Amino acid sequence: MLFLPLNKLKQINIDNCKLIGLRLIIYTGKGGTGKTVTSCATAINLAERKYKTLLMSADPAHTLSDALCVDIGYEIKKVLSNLEAIEIDPIIEISEKYLDIVSTMSTSFFGKGIESNLEYEIAMLPGMTQLFSLLKIEEVIKEDSYDVVILDMAASGEALRFLYLPKIIGSMRRHATGLSNLFAGFAKMFQPFSPYSTNLDSIIAQTDILKRLENLFSVISNQGITSLRLVTNPDNFSVKNAKRSLMSANIFGINVDLVVINKVDFDQEAKRITSEKIKLNFFPLPCKEAKYQKEELQGIEMLREHGLEIFGNDDPSTIFFEGKVYSIEEKEDSIIIKFKIPFASNAQLDIKKKYDELIISIEHDLRYITNIVTLPLAALNMRIISSKVIDDELEIILKR
Ligand SMILES: Nc1ncnc2c1ncn2[C@@H]1O[C@H](COP(=O)(O)OP(=O)(O)OP(=O)(O)O)[C@@H](O)[C@H]1O
Ligand SMILES: [Mg+2]
């Protein structure tokens, strides 16, 4: 822990009093924006700063190997001094560790144990890859042998939802029903036997899976340990995708500390300006940029350069931002949303709502910025009834 600039590091209790001290940094973003190369670049930079670093991917496409040009497998493998990597394989996870659970389920539903190769079928069911990946992440974190763990997340919104799964399970556990809905994959498998679904609940409840997912969420939601980082490109789709992730991370209490705007073409003025506007769109989150390279980013050397370009002299394990960009208060028929906007005190604002988005045009010194805020789905049927600027924050009230 010597090297961490972590006066912010918190020691927390996990799984009956084991103390852990680490940083967990998770990269997410739309498909193809550069999550994998940025995860690798961050990990290389950290390892060279002598942090004991683990780079993990839960992407079934095994892209760490492609990016690093090193064959990484489902077992932790050394890549460089202080850098290890793993590509989680849910099929291996199931067959090595969870066959007993699967077998118990099978016995209670079919009256016999599992058929051979069933683990492969299970791993292919919806949600299972993410579930077993989460359990693997929890296992690694509990081992407590790294300073920093970097997680390269799969692209879809689905993947991010799985990050929230432990929290959802935690709250459902308190209500003690409906667990099988969360294990959609298992539930689907046993659909023809749906009258037994309460059985499935109780079987899952007898395992330590829920406890472990709750442990994991206590790590993920600890701002001193975990940061979610958004990777975007200078285009509308990937920016909107990142803002949606930011909103839901704020709702679920996961700290987003940085936006990486990747593939910026600094030679084109239009792209440069777009990148500047994107930064204002994520205000007050810090943004770092990386230029669009003429060739694919592959191999340790190029990825090291990519890391230096993004972070410069900054230590990538720094918590670059702490706090919520959005605060949302949901009431029965209204939502109060507050967020910081640039130039709040002396700008002209024009606010419109379109479906589940707020479009805020900010005019300042004859410059125009359009800030788009994605709203929680509950706002779909609501309209704006008031908006006001308080200090540097815009407060908008929506009502059904
Ligand atoms: N700054 C850049 N300049 C040029 N090419 C880049 C840059 N960043 C990433 N790439 C290339 O873009 C492609 C996608 O990058 P990467 O695989 O990191 O994205 P991803 O977000 O992980 O994609 P996926 O959603 O498929 O997992 C790769 O071929 C990579 O080499
Ligand atoms: Mg990837």
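Residues numbered from 1 in each chain as written. Chains lettered and ligands numbered in written order. Predicted model: local features only at pLDDT ≥ 70, side-chain atom pairs only at ≥ 80, totals over all residues. Heavy atoms only, no water.

(A) Main features of the site of ligand 1. Around ligand 1, a shell composed of 18 residues is seen, among which Lys35, Thr36, Val37, Asn262 and Gln293 lie nearest. Measuring from an oxygen atom of ligand 1, one finds a backbone N or O atom of Thr33 at 3.2 Å. Taking Gln293, its main chain carries an N or O atom lying 2.8 Å from a nitrogen atom of ligand 1. Calculation on ligand 1 without its partners gives an accessible area of 630 Å², and the protein chains cover 81% of this total. When contributions to the shell around ligand 1 are tallied by element, the ones reaching two or more residues are α1 (35–48) and β9 (256–264). (Near = heavy atom within 4 Å. Polar contact = N/O pair within 3.5 Å; in protein donor to acceptor, adjacent residues only side chain to side chain. Areas by Shrake-Rupley, 256 points an atom, 1.4 Å probe, with all protein chains shown as cover. Helix = DSSP H or I, 4+ residues; strand = E, 2+ residues; numbered from the N terminus.)

(B) A look at the nonpolar core. Met56, Phe282, Ile337 and Phe339 are the most contacted members of the largest nonpolar core, which totals 66 residues. No other element matches the seven residues that helix α5 (residues 128–143) contributes to this core. Here this core gathers at least three residues from each of two domains, domain 1 (6–311) and domain 2 (327–399). The contacts of Phe282, once residues within four sequence positions are left out, are Leu230, Val239, Ala242, Lys243, Leu246, Val259 and Cys287. Counting residues in hydrophobic clusters, the runner-up holds 29 residues, among them Tyr51, Ile72, Val79 and Ile300. (Core = buried A, V, L, I, M, F, W, Y, C linked by side-chain atoms within 4.5 Å. Buried < 20%, exposed > 50% of the residue type's maximum accessible area, 1.4 Å probe, protein only. Domains from an automatic or database assignment. Contact = heavy atoms within 4.5 Å.)

(C) Spatial organisation of the environment of Leu210. For Leu210, the position within the fold is in helix α10 (residues 209–220). Take Leu210: its relative accessible area is 1%, and that puts it in the buried class. C-alpha separation for the pair Leu210 and Leu135, spaced 75 residues apart in sequence, amounts to 9.8 Å.

(D) Up close: the pattern of salt bridges. Scanning all chains against the criterion turns up 20 salt bridges. Note that Lys136 is salt-bridged to Glu93, the shortest N-O span being 3.9 Å. In this pair, Lys136 is assigned in helix α5 and Glu93 in helix α3 (residues 90–110), connecting sequence segments 43 residues apart. Across the pair, Glu93 and Lys136 agree in class, each one buried. A salt bridge links Glu138 to Lys142; the nearest nitrogen and oxygen atoms lie 3.4 Å apart. With a gap of four residues between them, Glu138 and Lys142 both fall in helix α5, about one helical turn apart. Exposure class is identical for Glu138 and Lys142. Each is buried. Each member of the salt-bridge network shares a partner with another, and the members are Glu93, Lys97, Lys136 and Glu139. (Salt bridge = Lys/Arg side-chain N within 4 Å of Asp/Glu carboxyl O.)

(E) A look at the sheet that holds strand β4 (residues 53–57). With mixed pairing, the eight strands of this open sheet are ordered in space as β5-β6-β4-β7-β3-β8-β9-β10. The open sheet has two edge strands with one neighbour each: β5 (77–80) and β10 (287–291). Along the sheet, successive strands turn relative to each other by an average axial angle of 25°, direction set aside. Relative to strand β8 (residues 226–232), helix α11 (residues 236–252) is tilted by about 160°, and along the sheet it contacts β3 (23–29), β8 and β9. (Pairing = 2+ DSSP bridges. Axes fitted to C-alpha atoms, helices over the stretch in contact; angles between N-to-C directions.)

(F) Quick look at the confidence of the model for the chain. The predicted model of the chain averages 80 in pLDDT, with 74% of residues at 70 or higher. Here residues 1–19 scores under 50 on pLDDT; set against residues more than four positions off or in separate chains, the count is 52 contacts. Ignoring residues within four places in sequence, the model shows residues 174–180, a span with pLDDT below 50, making 13 contacts including any to other chains. (pLDDT = per-residue confidence, 0-100.)

(G) Structural detail: the pairing of strand β12 (residues 334–340). Most of β12 sits inside the fold, with five of its seven residues counted as buried. What sits between strand β11 (residues 326–330) and β12 in their antiparallel hairpin is a turn of three residues. One ladder, built from seven bridges, connects β12 with strand β17 (residues 393–399); its direction is antiparallel. By the bridge assignment, Ile336 is partnered in β17 with Ile397.

(H) Region of interest: unusual backbone geometry. Residues Phe283 and Pro284 are joined by a peptide bond in cis, for which omega reads 5°. Here Pro284 shows up in the loop between α12 (269–281) and β10. At Asn82, a residue that is not glycine, the phi angle is positive and equals roughly 70°. Here Asn82 is to be found in the loop between β5 and β6 (83–87). One non-glycine residue, Tyr355, adopts positive backbone phi at about 50°. On the secondary structure map, Tyr355 appears in the loop between β13 (348–354) and β14 (357–364).

(I) Region of the structure containing the sheet that holds strand β15 (residues 367–374). Strand order in the open sheet formed by three strands is β13-β14-β15, and the pairing between neighbours is antiparallel. With partners counted over all chains shown, the strands left at the sheet margins are β13 and β15, one partner each. Taking each pair of neighbouring strands and ignoring which way they run, the sheet shows an average axis angle of 15°. Taken strand by strand, α11 contacts β14 and β15, and its axis lies near 55° from that of β15.

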